[in-house]
Amino acid sequence: EEARLIYLAACYGVNIGRGRAVVVDIGGGSVEVVAGTAHAPQLSRSFKLGSIRLTEQLVASDPVTPREERKIVKRIRGEIDRHCSQISAAGFDVVIGTSGTILSLGALAASARGPVTADLHHLEVPTKQLHRVRKQLCRLDLERRLRLPGLDPRRADVIVAGAIVLDTILQRLDATTLTLCELALREGLI
């Protein structure tokens, strides 16, 4: 139900016309990956791969070690591979990212190209830039992450796991861009 509501909000916030969309939402406890048309979600799953959950379960170092990063990727791939295969087989035109973790990662990626405006809605971010953000975050400790322009300080302690989740999903889907959407669960309820 959470995935369905997030999908409705994202497709309302980003006009996909007659195309097909994939919506990714990374929360603290779960990740929703939903694909469908503007009218209805068709492939919908929620995974217990949230940024707080993964940080608590798999991260003991700051900065994260390469071994911890590999363990996180292995866990994510083990959970999402089948669902992402179904999405890829059905096809899609756009990948939309919602909620605070993804918006923070989008702001970090955008800040590499210049000052970030307060409005991230509809911003298209190349997935290669998001991959670079992931690699940068994995090298930084909390103190250095807190100094990054565009990063919400409330997310600095769990943003590394969030970056790994997002990058792994985008790579698995073979997506080239991510469109940011500021609408999510609350707007879906409305």
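Residues numbered from 1 in each chain as written. Predicted model: local features only at pLDDT ≥ 70, side-chain atom pairs only at ≥ 80, totals over all residues. Heavy atoms only, no water.

1. A short note on the confidence of the model for the protein chain
So, point 1. The predicted model of the protein chain has a mean per-residue pLDDT of 92, with 97% of residues at 70 or higher.
So, point 2. Looking across the protein chain, the model is least confident in helix α8 (residues 185-189), with a mean pLDDT of 85, and most confident in helix α7 (residues 159-173), with 97. (pLDDT = per-residue confidence, 0-100. Helix = DSSP H or I, 4+ residues; strand = E, 2+ residues; numbered from the N terminus.)

2. With respect to the packing of helix α4 (residues 99-111) against helix α5 (residues 127-139)
So, point 1. Their axes nearest at 9 Å, the elements α4 and α5 cross at an angle of 100°. Considering their axes alone, α4 and α5 lie roughly perpendicular with respect to each other. For the pair α4 and α5, contact is made by Leu 105, Gly 106, Leu 108 and Ala 109 and by Gln 129, Leu 130, Val 133 and Leu 137, respectively.
So, point 2. When its residues are assigned to classes, the contact of α4 with α5 shows six nonpolar, two polar and no charged. (Axes fitted to C-alpha atoms, helices over the stretch in contact; angles between N-to-C directions. Parallel < 35°, antiparallel > 145°, perpendicular 65-115°, else oblique. Contact = heavy atoms within 4.5 Å. Nonpolar A, V, L, I, M, F, W, Y, C, P; charged D, E, K, R; others polar.)

3. Re the sheet that holds strand β3 (residues 41-47)
So, point 1. Strand order across the open sheet formed by six strands is β3-β2-β1-β4-β6-β5, with mixed pairing between neighbours. Only two strands of the sheet have a single neighbouring strand rather than two, namely β3 and β5 (124-126). Recorded for the sheet is a direction-independent mean angle of 25° between the axes of neighbouring strands.
So, point 2. Relative to strand β6 (residues 177-181), β5 runs antiparallel, the two sharing three bridges. (Pairing = 2+ DSSP bridges.)

4. Looking at the pattern of salt bridges
Where charged atoms of side chains with opposite charge meet at close range, the side chains can pair.
So, point 1. Scanning all chains against the criterion turns up ten salt bridges.
So, point 2. Put simply, Arg 4 and Glu 1 hold a salt bridge, and the shortest N to O gap is 2.8 Å.
So, point 3. Between Asp 152 and Arg 155 there is a salt bridge, with the nearest N and O atoms lying 3.8 Å from each other.
So, point 4. Where salt bridges share partners, they join Glu 69, Arg 134, Lys 135 and Asp 167 into one cluster. (Salt bridge = Lys/Arg side-chain N within 4 Å of Asp/Glu carboxyl O.)

5. Regarding the packing of helix α2 (residues 51-58) against α7
So, point 1. The interhelical angle for the contact between α2 and α7, taken along N-to-C directions, is 110°, at an axis separation of 8 Å. As summarised for this structure, α2 and α7 are arranged roughly perpendicular, according to the angle between their axes. The two elements α2 and α7 cross, and the hand of that crossing is right-handed. Contacts between α2 and α7 involve Ser 51, Leu 54 and Thr 55 on the former and, on the latter, Ala 161, Gly 162 and Val 165.
So, point 2. Residues of the contact of α2 with α7, tallied by class, amount to three nonpolar, three polar and no charged. (Left-handed = near helix turned anticlockwise from the far one by under 90°.)

6. As for the pairing of β3
So, point 1. With six bridges joining them, strand β2 (residues 31-37) and β3 adopt antiparallel strand pairing. Each bridged residue has a counterpart across the sheet, and for Val 31 the counterpart in β3 is Phe 47.
So, point 2. Taking the residues that link successive antiparallel strands as the turn, the β2-β3 hairpin has three residues.

7. Observations regarding unusual backbone geometry
So, point 1. Of the consecutive residues Asp 62 and Pro 63, the connecting peptide bond is found in the cis state with omega at 5°.
So, point 2. Tracing the backbone shows Pro 63 in the loop between α2 and α3 (66-90).
So, point 3. Despite not being glycine, Ser 99 shows a phi value in the positive range, around 80°.
So, point 4. Mapped onto the elements, Ser 99 comes out in helix α4.

8. What to know about the pairing of strand β1 (residues 20-26)
So, point 1. Counting buried positions along β1 gives seven out of seven residues, so the element sits mostly inside the fold.
So, point 2. A two-sided burial pattern is seen for β1, the buried positions comprising Arg 20, Val 22, Val 24 and Ile 26 on one face and Ala 21, Val 23 and Asp 25 on the other.
So, point 3. Of the strand pairs in this sheet, β1 and β2 are connected by seven bridges, and their pairing is antiparallel. Looking across to β2, one finds that Ile 26 is bridged to Val 31.
So, point 4. Remark: four residues form the turn of the hairpin made by β1 and β2, two consecutive strands paired antiparallel.
So, point 5. Across five bridges, the pairing between β1 and strand β4 (residues 94-98) is parallel. Counterpart to Asp 25 in the pairing with β4 is Thr 98. (Buried < 20%, exposed > 50% of the residue type's maximum accessible area, 1.4 Å probe, protein only.)

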